[in-house]
Amino acid sequence: MIPVSDPPHASAGPDTAVDERLLEELIIEAQTALPVELPALANRCAEALGMDAALIYLVDLQQRLLVPLDEASEPLPVDRSPAGWAYRRVSPQVAADDGGVIVWMPLVDGAERLGVLAVRTAALDGVRMRRSRMLGHFFAMLITSKRTYSDWLASLARTRTMGLPAEMLRAFLPPHTVGSSRCVSTAVLEPAYDVAGDAFDHSVIKNVLHTMILDSMGHDLTSGLTTSVAMAAARNARRADRTPADVVGSADQALARWLPDHFCTGVLCRLDAETGVLHWINCGHPPPLLIRADRVLHGALDSPPQPPIGLAGQLAPAARQVHETTLEPGDRVLLYTDGVVEARDTDGAEFGLAQFTDFIIRSSAAGQRPAEVLRLLIHALLDHQRDRLRDDATILIFEWRPQHP
């Protein structure tokens, strides 16, 4: 199992001709194909490109398993398989298979990891490698477009029944990872099937990255409704090109009007991906952490305390304070809820802020991508509490990596 790239001088052999009319028919068919028809479509596309077969695997909700769309096949572990290596590293992998080879091609939508595509072929050369990569891009786009409405795809990603508060809240959540060539934001949230009060949001508008993390008091349907209303109000204001203070103010007003006596803490950030200028508002939440050159700059993003979101009457703030700083290339900003650092093992020992930040720094220094860092971290947190979190735990990290001439 090794990462591979196209041979520098690969030449087209006698079997490289492609029936363009057949490919056109398959692409047209893909537009209207039901998600359940994608396994058969993947095989026909692979055959049209001179390969033997192709099988789509999607990652499960907790990023532990790669689940095949062909329900006759078995899931594969993310942590102990060539397929998982391709997913974790976002890099093609090749493994021997009954006299031929399997190319494990990562399925990626922008910065979001979806799963892998297994392409079986009798032999591998530069042409087949490029075609395998093309199939990976094609089916990543298909999965992205069809999973927005397919309950079948959603159910395949689940290993157990989801609670109603989690079902409602997850309907509001964006993809785990968004970004561009200048910045990337990624988040994880547990317990995956029982979460209620935590939420995250991130979006890229032109060259600006917007991020937010929320933590509602309690752990029931009302808690999830509180964060959902706050998130919807913030998005509504953000999409109307309102200022960060106005965005938080809209969430304040929405909760005060529709859910009086309910509130949530949170942090909202706005990063200009061209200049590195960061604006943030902290509403009664643990302060963001700034990681620079593999160390935490303690206190760099601290700010005077402000009330939680949703307080009305005399407790409501007259105006939200917006704070500003300028990031350096490679800086990472970490948002989290208190369920992360306050998680306790059976002996009562907290996971703690030091262990939390040290894990991120060590994993990043080892070359892990931000999304993989958080996948490993949330699993370490679950292991710390033996998969029984006492409180929701949400982590969001975004990185500024500007392009230089």
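What you see is a predicted model, and the numbers here were worked out from it, not measured in a lab.

**Q** For this particular structure, what's the right way to read the overall build of the protein?
**A** Scanning the protein from terminus to terminus reveals 11 helices and 18 strands. Relative to the 2.2 N^0.38 estimate, which gives 22 Å for 405 residues, the radius of gyration of the protein is 23 Å and therefore close to what a compact globule would have. Expressed along its principal axes, the backbone C-alpha trace of the protein runs to roughly 80 × 50 × 45 Å. The buried share among the 405 residues of the protein stands at 53%. Here the analysis covers contacts within the protein between residues at least 6 apart in sequence; of these, 66% occur between residues at least 24 apart. Of the roughly 18,600 Å² that the protein leaves accessible, carbon and sulfur atoms contribute 52%.

**Q** Sorry if this is basic, but what is going on with the packing of helix α10 (residues 353–365) against helix α11 (residues 370–384) here?
**A** Two packed helices can be described by the angle between their axes and the distance between those axes. Their axes nearest at 10 Å, the elements α10 and α11 cross at an angle of 145 degrees. Along this stretch, α10 crosses α11, giving a crossing that reads as right-handed. Of the residues in α11, those touching α10 at Phe356, Phe359, Ile360, Ser363 and Ser364 are Val373, Leu376, Leu377 and Ala380. The class makeup of the residues in the contact of α10 with α11 is seven nonpolar, two polar and no charged.

**Q** What is the right way to read the pairing of strand β6 (residues 100–109) from this model?
**A** Look at any regular strand and the pattern is simple: side chains alternate between the two faces of the sheet. Within β6, eight of the 10 residues are buried, which leaves the element mostly enclosed by the surrounding structure. Here strand β5 (residues 93–97) runs beside β6; their pairing, made up of five bridges, is antiparallel. Bridging across to β6, Asp97 finds its partner in Gly100. Both β6 and strand β7 (residues 112–121) contribute to a ladder of nine bridges, which runs antiparallel. Across the sheet, the residue bridging to Leu107 is Gly115, located in β7. Hairpin remark: β6 followed by β7, antiparallel, with two residues in the connecting loop; positive phi at Gly110, about 65 degrees.

**Q** Even after reading the chapter, I still don't get the pattern of salt bridges, so can you show me in this structure?
**A** Side chains that differ in sign of charge can pair as their charged atoms come close. Enumeration over the complete set of coordinates arrives at 18 salt bridges. Two residues, Asp201 and Arg235, come together in a salt bridge whose shortest N-O distance is 2.9 Å. Remark: Arg235 occurs in helix α7 (residues 221–239) and Asp201 occurs in strand β10 (residues 198–205); sequence separation between them is 34 residues. For Asp201, a relative accessible area of 2% puts it in the buried group. For Arg320, the salt bridge is made with Asp252, and the minimal N-O distance between the two is 3.0 Å. Here Arg320 is found in the loop between β15 (295–296) and β16 (323–326), whereas its partner Asp252 is found in helix α8 (residues 244–258), with 68 residues between them in sequence. Through salt bridges that share partners, Asp79, Arg113, Glu372 and Arg375 make up one connected network.

**Q** What's the story with the sheet that holds strand β9 (residues 183–190) in this structure? I'm lost.
**A** Backbone hydrogen bonds are what pair the strands of a sheet, in a parallel or an antiparallel way. Strand order in this open sheet of six strands is β8-β9-β18-β17-β14-β15, and the pairing throughout is antiparallel. Edge strands, defined here as strands with exactly one partner in the open sheet, are β8 (177–179) and β15. As paired elements, β8 and β9 share three bridges and run antiparallel to each other. Counterpart to Thr177 in the pairing with β9 is Thr186. Across the face of the sheet, α10 comes into contact with β14 (289–292), β15, β17 (332–336) and β18 (393–400) while running at roughly 140 degrees to β17. Taken strand by strand, α11 contacts β8, β9, β17 and β18, and its axis lies near 20 degrees from that of β9.

**Q** Before we go on, may I ask you to explain α7 in this structure?
**A** Since the α-helix packs 3.6 residues into each turn, any two residues three or four apart lie on the same face. Taking 1.5 Å per residue, 19 residues should reach 27 Å; α7 reaches 27 Å between its end C-alpha atoms and fits that length. Sitting at the head of α7, Asp220 places a side-chain oxygen 3.2 Å from the backbone nitrogen of Thr222. One or two residues past the end of α7 sits Asp241, with phi positive at roughly 65 degrees.

About the cut-offs
Residues numbered from 1 in each chain as written. Predicted model: local features only at pLDDT ≥ 70, side-chain atom pairs only at ≥ 80, totals over all residues. Heavy atoms only, no water. Helix = DSSP H or I, 4+ residues; strand = E, 2+ residues; numbered from the N terminus. Rg over C-alpha atoms; globule rule 2.2 N^0.38 Å. Buried < 20%, exposed > 50% of the residue type's maximum accessible area, 1.4 Å probe, protein only. Contact = heavy atoms within 4.5 Å. Areas by Shrake-Rupley, 256 points an atom, 1.4 Å probe, with all protein chains shown as cover. Axes fitted to C-alpha atoms, helices over the stretch in contact; angles between N-to-C directions. Left-handed = near helix turned anticlockwise from the far one by under 90°. Nonpolar A, V, L, I, M, F, W, Y, C, P; charged D, E, K, R; others polar. Pairing = 2+ DSSP bridges. Salt bridge = Lys/Arg side-chain N within 4 Å of Asp/Glu carboxyl O. Expected span 1.5 Å × (residues − 1). Polar contact = N/O pair within 3.5 Å; in protein donor to acceptor, adjacent residues only side chain to side chain.

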